[in-house]
Amino acid sequence: MTTLTIARNTFGEAIRKKILLICLLVAMAMIAFAVSFASFTMREELTIIKSFGLGVIAIAGMFMAVILGINLIPQEMERKTIYTILSKPVRRYEFLLGKFFGALATILVSLAVMTVAFMLMVFFKNHYVVDFAMLKGIVMIFFQLLLLTAVALIFSVFTTPVVNFFMTSAVYIIGSLADVTESMSHGTDKNVLVRGFYMIVHYLTPQFANFFTQNPLIHGIVIKNEAVYYSWNILYAIVYSSILLIVAILVFERRDM
Amino acid sequence: MKLSTRITLAVLAVLLIPVVVGLQTRIDPMRKEFQPGHGVSSVVVKDMKNNPVVLPSQFVAGTLIGMQEVVAGLLWVRTDEFFHSGNYEAIVPMVRMITWLDPHQIDVYSVGAWHLDYNFVDSSQRADHRYFIPAVKFLEEGVKNNPDIPDLYFDLGFVHYFLKAQDFKTANYWMEKSTEHNPALYAYREIAHDYEKQGDIDACIAQWQKCIEIGRKGMEENPNDSLAKNHYQVSKRNLDELLVRRVQRADIGKRMKSVDFQVEFHKDGPRVFEVDGKINLPDSSRINLTLTDDNYKEPDLKTFSWQVPPDVTALWETGIHGISIQKGKFHRKYDLSKDIKQYPFKSGKYTLTMWFNPLTATPDIQDVTGWHGEAITDPRYLDTSTPGVRMVKKVIHLTQKDIL
Amino acid sequence: MAAAVKTENLTKTYKNIMKREPVNAVSNLNLEVNEGEIFGFLGPNGAGKTTTIKMLLGLVYPTSGNAWILDKPAGDIEVKQQISYLPETPYFYDYMSGSEVLQFYGRLFGMNETTIEKKSMELLKTVGLYQDRYKRLSDYSKGMLQRIGIAQALINDPKLLIFDEPTTGLDPIAHSEIRDLILRLRDEGKSIFLCSHQLSDVEMVCDRVAILNRGVMLKTGHLDDLLLAGHFEIQAEKLSADVLGKINGFATCVDSACDIVVIDVEDGDKVDQTVDLIRGCHGRILSINPKRRALEDLFVEIIREGNK
């Protein structure tokens, strides 16, 4: 119950943040901009709209997740609002989880708004047929953002927002290079230390590239064992985020405010 | 929080780590199957080292965060701009980069290949033949990356091998491949035309019959299918015409004709020359012409490089670009002084080949010559080296001073 | 009587990585606040008052020692139902209105919605914000924010209130209203732990005080005892100059009209000596009265002594 109260409050505050609204507007504008590439074949136009649309939603979502995540705890501490809350019968982990779920709710709502605009555009260009496959891409984006928010949250428990921004961005970039880290960890002509290093990076850091299913979706290619792949990815995001949340709770628990 | 709870949570977190690792090992192989990227094709990557392309940093940033498709789309817009501004050399690395980023952009392959061997033209709108092999190679890559799309197979066979190179055998191979993946109905008809161009009339008839059958089935399944109806009617008409022609040309060997092919080459100035000649054939027949370095060979598809050799000269006018015959005469002036890049003339020795091939002529001309040139003969230039066809061909060897 | 707040050798040491020397924010603090009293917690800036409060609230973990609130360990989640905290310059979420703030905090206590509604309206009236209850907090003045802070501190009807500088930024009228409120709360049986620099307020409301500096408690006790400790004023007449001179050595003499001397004896031990001296010269003692010092004087003196 307490967690829910905190979550609702976090959502209310976050959704009013001007920076988020600007982000949303920019994203919508970019999606609309994709329509202006009219000098191509029908198939090209649709491909461009779909790839731009998903791409822009992903970037906007990432931006939101990072901005929200890095400020979740530090903002409360800076404004001292955290003292009035934690002096009430609120457990520290309830507070942390409430902040996290509130941020997640904000991201979900923003994603939903952008998705509606995007799906409408695809609908109009696609001979008035809804392309439900695009929703699969949105689902992948959401779970990616869930994991990213958890990363930002765990860093926010012990660093400043500025440092956190770079750390979270770095983790994201490393996670996008899953192909590279995987092949480096299996390369036969490298020494054990280098392979070991890449193994640690590939298997222990969050691999965001797992969620990049936009290519087959855009081109109408069906991934083999699609349902299994998506389920594993969702599970991965949830399990990994849980680990991060547990560590965040444990660190936050013993922190002096 | 009690110490015991904290320890439990810590243990739980540690136990979940192998779960994450395990999931990742399962996800990796599945992900690699569908995701374009750094490991897509080692051949492509190796090539990139020989022809490194520098991506502006914002594009690199895009690829880092999984925005490859968006970057590919933006690059494609840029490529279009390059084409309109005549910056042809930039196009090859661009289309290779785009398809490296996203190997499923079908239109990039088909339009890109079309640009390559059709649209890199000189000041007289003659396409640069040296780009034929890169175009075809590019489409082959497209076909490899998109094996279930019929369009690319058909493009390769029809647009490039059939129309551009007039290599009907290879065209047939690729167009047949497209039929394995449910192509548009006209693909089947073009295969029939291709058999006719190869001179294999029996196969051509069989193919038309196949087309008619496909059309009929289509109309049965859906009486409103206008495409199937059209396909049926056109195929039927073509077959009828073909059968009539076969009958008419059955005894064409009894109506032999000497075409009396004569050709002269005049140099008008540096890189400017004229070709003049006579041939006893109906109007609108065409003489094919190529002017290449003596040692010119079409690069081997397997071993070529993407770089178009800058010192190779290959002027190529075949098919509809050939020299038209009017009243038994033909003439064309070539001013290559404005297109030194496309026709460098560096090797010193050149071969000018001119020929008439009845297989590629229009039906009314074939009514005179026969499909395979059965009715033609020539005292000097008859060429029967190609099995299944009688051509007339003259080869002239030129030296540097003949050109420059 | 049970203790509302009790600490035993409560210590907090911060390890400063940069300076390498650890900082003793609070050292071996032993204090006790009785139920039903107003306890003043005084000290200059940086004395360790806020750190102590944070330890009492479980926001900061002590390096050693113990603290109890209402007989439960400090930071215990259940005891937080019965306490409340008003921090110095409190901040709340700007986007909320006055009533929404109280609703939010009420929910954190697990109170049901009807109770929250009723209580918040009451409290808003009490602190004089009823007419502004739907305005956003971003539109509140400093004084209004302070008052909503007080309202949120009362929403759960706590047994112990911890106030840190509750009158900062308030005009004199509001100031006195807060003082009255604090006294009313004490009369209702609540305990108040008051941190304040407004020594005049402390003097007016507190029962007991503690003075802290550099993490160490220098003095604690009943206000009356501390302020009256041994300070006397003796009025006498017909004193010889000789005796006056001796008395001047350890006390302050002020001549007043009609030959009456007012002697200010600060050291309670010297009263007897003064009386003997006066009687010895056949002077006449008119009155002996205990003199009450200003808290400010006591405060400054104790701090200065502590600094030596």
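Residues numbered from 1 in each chain as written. Chains lettered and ligands numbered in written order. Predicted model: local features only at pLDDT ≥ 70, side-chain atom pairs only at ≥ 80, totals over all residues.

Chemist: So, the overall build of chain A: which residues are in play, and what are the values?
Modeler: Scanning chain A from N- to C-terminus turns up eleven helices and zero strands. In chain A, the succession of helices and strands from N to C terminus is α-α-α-α-α-α-α-α-α-α-α. In summary, chain A has a C-alpha radius of gyration of 20 Å against a globular reference of 18 Å for 257 residues, a match within 12%. Each of the 257 residues in chain A was classed as buried or not, and the buried ones make up 47%. For chain A, long-range pairs separated by at least 24 residues make up 80% of all intrachain contacts whose partners lie at least 6 apart in sequence. (Helix = DSSP H or I, 4+ residues; strand = E, 2+ residues; numbered from the N terminus. Rg over C-alpha atoms; globule rule 2.2 N^0.38 Å. Buried ≥ 20, exposed ≤ 12 C-beta atoms within 10 Å, placed from the backbone. Contact = placed C-beta atoms within 7 Å.)

Chemist: Quick rundown of the interface of chain A and chain C? Include the residues and the values.
Modeler: With 22 residues of chain A in contact, the opposing surface of chain C contributes 22 residues. Put simply, the parts of the chain that give the side of chain A that touches chain C at least two residues each are α1 (2–15) and α4 (81–86) of chain A. Across the side of chain A that touches chain C, the residue classes tally to seven nonpolar, seven polar and eight charged. (Nonpolar A, V, L, I, M, F, W, Y, C, P; charged D, E, K, R; others polar.)

Chemist: Go over the interface of chain A and chain B with me, naming the residues and quoting the values.
Modeler: Contacts between the two partners involve 45 residues from chain A and, on the opposite side, 37 residues from chain B. Those elements that place two or more of their residues in the side of chain A that touches chain B are α3 (42–78), α7 (161–176), α8 (178–186), α10 (214–218) and α11 (226–253) of chain A. Looking at the side of chain A that touches chain B element by element, the count peaks at 14 residues for α11 of chain A. In terms of residue class, the side of chain A that touches chain B is made up of 25 nonpolar, 14 polar and six charged.

Chemist: Could you give an account of the confidence of the model for chain B, naming the residues involved and the relevant values?
Modeler: Mean pLDDT over chain B: 87, with 92% of residues reaching 70 or higher. The ipTM value of the predicted complex is 0.86, and its pTM value is 0.77. (pLDDT = per-residue confidence, 0-100.)

Chemist: Outline the environment of A90 of chain B, supporting the account with residue identities and numerical values.
Modeler: Residue and element names in this part refer to chain B. By the secondary structure assignment, A90 is in the loop between α4 (68–84) and α5 (91–101). Owing to 15 C-beta atoms within 10 Å, A90 belongs among the partly exposed residues under this scheme. Note: C-alpha distance between A90 and F120 (30 residues apart in sequence) is 12 Å.

Chemist: Lay out the packing of helix α2 (residues 18–33) of chain A against α3 of chain A with the relevant residues and their values.
Modeler: All names here are of chain A. As a packed pair, α2 and α3 sit with axes 9 Å apart at the nearest point and diverge in direction by 170 degrees. By the angle between their axes, α2 is roughly antiparallel relative to α3. Only F52, G53, V56, I57, A60, F63, M64 and I67 of α3 make contact with α2, whose side of the interface consists of I19, L20, C23, L24, V26, A27, M30 and I31. Here the contact of α2 with α3 is composed, by residue class, of 15 nonpolar, one polar and no charged. (Axes fitted to C-alpha atoms, helices over the stretch in contact; angles between N-to-C directions. Parallel < 35°, antiparallel > 145°, perpendicular 65-115°, else oblique.)

Chemist: Which residues make up helix α12 (residues 226–248) of chain B, and what values go with them?
Modeler: All names here are of chain B. Taking 1.5 Å of rise per residue, the 23 residues of α12 would be expected to cover 33 Å, and the 33 Å separating its terminal C-alpha atoms lies within 8% of that figure. Along α12, the residues classified as buried are A228, H231, Y232 and S235. Looking at the buried side of α12, the elements it contacts are α10 (186–198) and α11 (201–221). (Expected span 1.5 Å × (residues − 1).)

Chemist: Talk me through the environment of P158 of chain C; I want residue IDs and the actual numbers.
Modeler: Residue and element names in this part refer to chain C. One can find P158 in the loop between α4 (142–154) and β8 (160–164). Among the residues examined, P158 registers 21 C-beta atoms within 10 Å and is labelled buried. As a C-alpha pair, P158 and V101 span 57 residues in sequence and 18 Å in three-dimensional space.

Chemist: Any chance you could break down the sheet that holds strand β15 (residues 284–290) of chain C for me, citing the residues and the numbers?
Modeler: The strands that make up a sheet pair up through hydrogen bonds in the backbone, lying either parallel or antiparallel. Residue and element names in this part refer to chain C. Taken in spatial order, the four strands of this open sheet run β13-β14-β12-β15, and their pairing is antiparallel. At either end of the open sheet lies a strand with only one pairing partner, and these are β13 (252–255) and β15. In this sheet, adjacent strand axes meet at a mean angle of 20 degrees when their direction is disregarded. For strand β12 (residues 232–237) and strand β14 (residues 260–265), the ladder comprises six bridges, and the chain directions are antiparallel. By the bridge assignment for β14, I234 is matched with I263. Of the strands in this sheet, β12, β14 and β15 touch helix α9 (residues 270–280), which is tilted by about 155 degrees from β14. (Pairing = 2+ DSSP bridges.)

Chemist: Summarise the pairing of strand β5 (residues 64–69) of chain C; cite the residues concerned and give the values.
Modeler: All names here are of chain C. The sheet contact formed by strand β1 (residues 3–14) and β5 spans five bridges and is antiparallel. Following the sheet pairing, E8 is matched in β5 by N66. Pairing geometry for β5 and strand β6 (residues 72–73), over two bridges, is antiparallel. By the bridge assignment for β6, I69 is matched with K72. Following β5, the chain reverses through two residues before pairing antiparallel with β6; L70 in that reversal takes a positive phi of roughly 50 degrees.

Chemist: An account of unusual backbone geometry is requested, with residue identities and associated values reported.
Modeler: Of note, the phi angle at N225 of chain A is positive, near 50 degrees, even though the residue is not glycine. Mapping N225 of chain A onto the fold places it in the loop between α10 and α11. Taking the C-beta count within 10 Å as the criterion, N225 of chain A has 12 such neighbours and is therefore assigned exposed. For K327 of chain B, which is not a glycine, the phi torsion comes out positive at approximately 50 degrees. Structurally, the position occupied by K327 of chain B is in the loop between β6 (323–324) and β7 (329–335).

Chemist: Outline the arrangement of the chains, supporting the account with residue identities and numerical values.
Modeler: Interchain contacts are distributed over two pairs of chains, and the most extensive set of them lies between chains A and B. Taking C-alpha atoms only, the smallest gap left between chain B and chain C, which are not in contact, amounts to 9 Å.

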